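Chains, contacts and geometry: an overview
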Amino acid sequence: MVNCNLLFSRQRCWFCLDVVSADSAPLCKGCLAHLPVRPSHYCQRCALPLPGAALCSECAATPPAFICAHIPLIYDRQTARLVEPIKRQAHSAALPLLAKLCAQLLQQRSGQPPLQLVGIPLHPRRALQRGFSQATLLARLIAPLCAGSATLGSAIQLQRLHHQAPQKGQNRQQRLTNSHGNFAAGEVVGLHIGLVDDVVTTTATARSAAAALMAAGAASVELIAAVRTPKPNSRR
C-alpha cells in the first residue's frame with residue numbers, strides 16, 4: 001500500500017516551496033489557510049463579495065436563473081495561480097484541491113434535494129482545440145466528495161451554441177451580450193441541477209446556461225465554481 005504522506009512529502013508547495021501533505025496538495029497547509037475565502041457578507045444569489053447587502057445591484061435588478069452560488073474562493077494573485085493551470089492542463093494538481101473546497105460548501109446543503117452536477121461546456125471547436133473542459137473535470141471530481149448532496153448528472157445535455165473569442169478583458173455588458181442565448185439544453189424536467197464552472201467573473205455565462213436549463217424544465221439551478229472575481233477596486 002502506498003503511504004500517501006510519504007508520497008506528498010516529496011512534493012513542494014506551489015507558493016512557498018514548503019512540504020505539502022495529502023489533504024492540502026499542491027499547497028502546504030499554511031498557504032492553504034491563507035487563501036482568500038468567501039467573506040461573511042456576499043450576494044446570496046451570485047456570491048459577489050459585498051459590504052453588507054443581501055443582494056448585489058445586478059442580481060436585485062435582473063435576477064439570474066440560478067438561485068444561489070457556492071463559491072469558496074475569491075480571485076486574487078494567489079488563487080489565479082491555482083485556477084490558471086486547470087485551463088491548460090487536464091491533470092493539474094490544483095483540480096482535486098479546488099474540487100474539495102467546492103464540495104465542502106455543498107455538504108452544507110442539509111435538508112435540500114441532491115444536485116445533479118453538469119459542467120458549463122466549451123463550444124465543440126474550443127473543446128477540440130483544448131482537448132478537455134475544465135468545468136466538466138471539476139464536476140467529475142466534486143461529485144464523489146459530496147456525501148449524497150450531489151451526484152454527477154451524466155445524462156444532462158447542455159450545449160454551447162456559438163464559438164466566440166475568449167472573454168478575458170471584456171466588460172460586463174459585452175459578456176452579457178455575447179452570452180445571451182448561447183446555450184441549449186435537453187429535457188431536464190424536475191431536476192435540481194448544480195451548474196459547475198471554474199471562475200465566475202460577471203455571471204454572464206452562468207446566467208445564459210442556467211436560463212437554458214430552466215427553459216428545458218429544471219426544477220432549480222444552483223451555481224458552483226471554485227473562484228469568484230470581486231468588483232474592480234474592491235478591497236479584496
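Remarks on the overall build of the protein
- Secondary structure assignment for the protein yields 9 helices and 8 strands.
- Buried positions account for 48% of the 236 residues belonging to the protein.
- At a minimum sequence separation of 6, the contacts of the protein that also span at least 24 residues come to 70%.
- Carbon and sulfur atoms make up 55% of the accessible area of the protein, which amounts to about 11,900 Å² in all.

Overview of the nonpolar core
- The biggest cluster of nonpolar side chains holds 36 residues, and the ones touching the most others in it are Leu27, Leu98, Leu117, Leu138, Ile142 and Ile224.
- For this core, the secondary-structure elements that each account for two or more residues are helix H4 (77–86), helix H5 (94–106), strand S3 (115–119), helix H7 (134–142), strand S7 (192–200) and strand S8 (220–228).
- Top element by residues in this core is H5. It accounts for 9 residues.
- Within the second largest apolar cluster, 30 residues are counted, among which are Cys43, Ile120, Ile156 and Leu213.

With respect to the environment of Arg109
- Tracing the chain through its elements places Arg109 in the loop between H5 and S3.
- As a C-alpha pair, Arg109 and Ala150 span 41 residues in sequence and 9.5 Å in three-dimensional space.
- Among residues more than four places away in sequence, those in contact with Arg109 are His70, Pro114, Leu115, Ser149 and Glu222.

Some details on the pattern of salt bridges
- The tally for this structure, following the rule as stated, stands at 4 salt bridges.
- Here Asp23 and Lys29 are joined by a salt bridge, their closest N and O atoms 4.0 Å apart.
- Lys29 sits in the exposed class, given a relative accessible area of 53%.
- A salt bridge links Lys231 to Glu58, with the nearest nitrogen and oxygen atoms 3.6 Å apart. Residue Lys231 is located in the segment after S8, and its partner Glu58 is located in helix H3 (residues 57–61); the two are separated by 173 residues in the primary sequence.
- A residue is classified by how much of its surface remains accessible, and Lys231, at 40% relative accessible area, is partly exposed.

Parameters at a glance
- Residues numbered from 1 in each chain as written.
- Predicted model: local features only at pLDDT ≥ 70, side-chain atom pairs only at ≥ 80, totals over all residues.
- Heavy atoms only, no water.
- Helix = DSSP H or I, 4+ residues; strand = E, 2+ residues; numbered from the N terminus.
- Buried < 20%, exposed > 50% of the residue type's maximum accessible area, 1.4 Å probe, protein only.
- Contact = heavy atoms within 4.5 Å.
- Areas by Shrake-Rupley, 256 points an atom, 1.4 Å probe, with all protein chains shown as cover.
- Core = buried A, V, L, I, M, F, W, Y, C linked by side-chain atoms within 4.5 Å.
- Salt bridge = Lys/Arg side-chain N within 4 Å of Asp/Glu carboxyl O.

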